[in-house]
Amino acid sequence: MDREHGLFGSFSSWSEAMQYYAGDPDYFLEKVKEATLKVKSGEAAFERDSVLFDKIQHSYPLLAYLLMIATEHGNKLNVLDLGGSLGSSYFQCRGFLKHLNEIKWNIVEQEHYVACGRKYIQDEILKFYYSIDECVAAGRPHTAILSGVLLALDDPYAYLYKLMDSGFDYIIIDRTPFLPAEDRLTLYVIPPYIHESITPVWLLSLERFLSVVGEKYEVMDDFDSFESYPLEDGLVAQAKGFLLRKIPAAPKRKKT
């Protein structure tokens, strides 16, 4: 596929879309590792998708949510960051979290990211896990973060249900593109300055998403993220964020 970067096409299944996948995941991971090590050591301010920035581009809603949640949990933060790369969101936020009594930032990622993270990045705060179950068993995080990851999963709703069933107090969504009424599976031709690649991405139905999360969580807040994605048919998928709070279980009635 020889196209400028952006979103193209519509597909009926993940396997169909994956036929057009192109890229070198090992090369990209090496770029992410090198960039993350520079951020970790203080040589650079911020990394996103392997690209280095000399100034952090904060997601202030994400920061506000994390600080509120930490306050509710005794000035402690224990999060599961699904698809968190090698710690991009953690290094983005850490300057505002230093005063907390305790930080546990747990990343659940693909196997090659976990292996790399454990070898080069992991420390007493930042840990890496192969699955949601492994992470939950290791330390019972109270909050799940999904920043720019639902769009890249083969079955995003299955992951949402898995997280909701795990019983997190809060789920934070960020950088997730939505269409008003339909789920659409398309291809993202990634800009070459990031990585020459073509990968499937989901544009989620806002209506369906709210229906699914509403089964167990309430929307405390939502916001428009900085990204938007124009489509070939004139629609625009707007990236959004949400703060979701678990709905307390109804008290059981006493037997009379």
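Everything discussed here concerns the structure shown above.
Residues numbered from 1 in each chain as written. Predicted model: local features only at pLDDT ≥ 70, side-chain atom pairs only at ≥ 80, totals over all residues. Heavy atoms only, no water.

Colleague: I'd like to hear about the overall build of the protein chain, residue by residue, with values.
Modeller: Regarding its fold elements, the protein chain presents eight helices and 12 strands. A compact globule built from 256 residues should have a C-alpha radius of gyration of about 18 Å, and the protein chain, at 19 Å, falls within 12% of that. Considered along the principal axes of its C-alpha atoms, the protein chain spans approximately 70 × 45 × 30 Å. Taken across its 256 residues, the protein chain has 47% of its residues classed as buried. Carbon together with sulfur atoms contributes 50% to the accessible area of the protein chain, which is approximately 13,000 Å² in total. Both charge centroids of the protein chain, one from 27 positive and one from 37 negative side chains, sit 10 Å from each other. (Helix = DSSP H or I, 4+ residues; strand = E, 2+ residues; numbered from the N terminus. Rg over C-alpha atoms; globule rule 2.2 N^0.38 Å. Buried < 20%, exposed > 50% of the residue type's maximum accessible area, 1.4 Å probe, protein only. Areas by Shrake-Rupley, 256 points an atom, 1.4 Å probe, with all protein chains shown as cover. Lys, Arg positive; Asp, Glu negative; His and termini not counted. Charge placed at Lys NZ, Arg CZ, Asp CG, Glu CD.)

Colleague: Give a detailed account of the packing of helix α2 (residues 25–41) against helix α5 (residues 111–121), specifying residues and quantitative values.
Modeller: Packed helices, taken two at a time, are described by the angle between their axes plus the distance between the axes. It is the contact of α2 with α5, at a shortest axis distance of 11 Å, that shows an interaxial angle of 30°. Viewed along their axes, α2 and α5 adopt a mutual orientation that is roughly parallel. The hand of the α2/α5 crossing is right-handed. Between α2, through Pro-25, Asp-26, Phe-28, Leu-29, Val-32, Lys-33, Thr-36, Leu-37 and Lys-40, and α5, the contact on the second element is made entirely by His-112, Tyr-113, Cys-116, Tyr-120 and Ile-121. (Axes fitted to C-alpha atoms, helices over the stretch in contact; angles between N-to-C directions. Parallel < 35°, antiparallel > 145°, perpendicular 65-115°, else oblique. Left-handed = near helix turned anticlockwise from the far one by under 90°. Contact = heavy atoms within 4.5 Å.)

Colleague: I'd like to hear about the pattern of salt bridges, residue by residue, with values.
Modeller: Inspection of every chain in the model, using the stated rule, returns 13 salt bridges. Between Glu-30 and Lys-33 there is a salt bridge, with its nearest N and O atoms 3.2 Å apart. Of this pair, Glu-30 and Lys-33 both sit in helix α2, three residues apart, which is roughly one turn of the helix. The salt bridge partner of Lys-240 is Asp-222, with a shortest N-O separation of 3.7 Å. One end of the pair, Lys-240, is in strand β12 (residues 236–246); the other, Asp-222, is in strand β11 (residues 217–230), with 18 residues separating them in the sequence. Here Lys-240 falls in the buried class, since its relative accessible area comes to 14%. Residue Asp-222 is classed as partly exposed on the basis of its relative accessible area of 40%. Residues joined by salt bridges that share partners form a network here, namely Asp-49, Arg-175 and Glu-227. (Salt bridge = Lys/Arg side-chain N within 4 Å of Asp/Glu carboxyl O.)

Colleague: Help me get a handle on α5, residues and values and all.
Modeller: The set of residues buried in α5 consists of Tyr-113, Val-114, Cys-116, Gly-117 and Ile-121. All buried residues of α5 project into a common sector of 165° when viewed along the axis, lining one side. Exposed side of α5, more than 90 degrees from the buried face: Glu-111 and Lys-119 are the residues found there. Against α2, α4 (88–93) and β6 (126–129) lie the buried residues of α5. (Arc of directions from axis to C-beta.)

Colleague: Give me the lowdown on the nonpolar core, citing residues and values where you can.
Modeller: By size, the foremost hydrophobic cluster in this structure holds 36 residues, and its most contacted members are Leu-66, Leu-77, Leu-86, Trp-105, Leu-126 and Ile-172. Those elements that place two or more of their residues in this core are α2, α3 (60–72), β4 (76–82), α4, β5 (102–108), α5, β6 and β8 (170–179). Element by element, the count of residues in this core is highest for α3, at six residues. When neighbours within four sequence positions are excluded, Leu-126 is seen to be in contact with Leu-86, Gly-87, Tyr-90, Phe-91, Trp-105, Ile-107 and Ile-121. If you look at the next biggest cluster of nonpolar residues, it comprises 35 residues, including Ala-17, Val-136, Ile-173 and Phe-242. (Core = buried A, V, L, I, M, F, W, Y, C linked by side-chain atoms within 4.5 Å.)

Colleague: Run through the environment of Leu-210, naming residues and quoting values.
Modeller: Among the secondary structure elements, Leu-210 is positioned in helix α8 (residues 206–213). On the basis of relative accessibility, which here comes to 35%, the residue Leu-210 falls in the partly exposed class. Sequence-distant contacts of Leu-210, that is, excluding residues within four places in its chain, are made with Val-219 and Phe-242.

Colleague: Lay out the environment of Ser-225 in plain terms, naming residues and giving numbers.
Modeller: For Ser-225, the position within the fold is in strand β11. Distance in space between the C-alpha atoms of Ser-225 and Asp-174 is 7.0 Å, their sequence separation being 51 residues. Setting aside chain neighbours within four positions, we find Ser-225 in contact with Asp-174, Arg-175, Gln-238, Ala-239 and Lys-240.

Colleague: Tell me about α3, residues and numbers included.
Modeller: Taking 1.5 Å per residue, 13 residues should reach 18 Å; α3 reaches 19 Å between its end C-alpha atoms and fits that length. Among the residues of α3, those classed as buried are Leu-62, Leu-63, Tyr-65, Leu-66, Ile-69 and Ala-70. For α3, the angular spread of the buried residues around the axis is 165°, confining them to a single face. Facing away from the buried side of α3 by over 90 degrees, the exposed positions are Tyr-60 and Thr-71. Just past α3, the residue Gly-74 takes up positive phi, approximately 65°. (Expected span 1.5 Å × (residues − 1).)

Interpretation in functional terms is not warranted from these geometric data alone.
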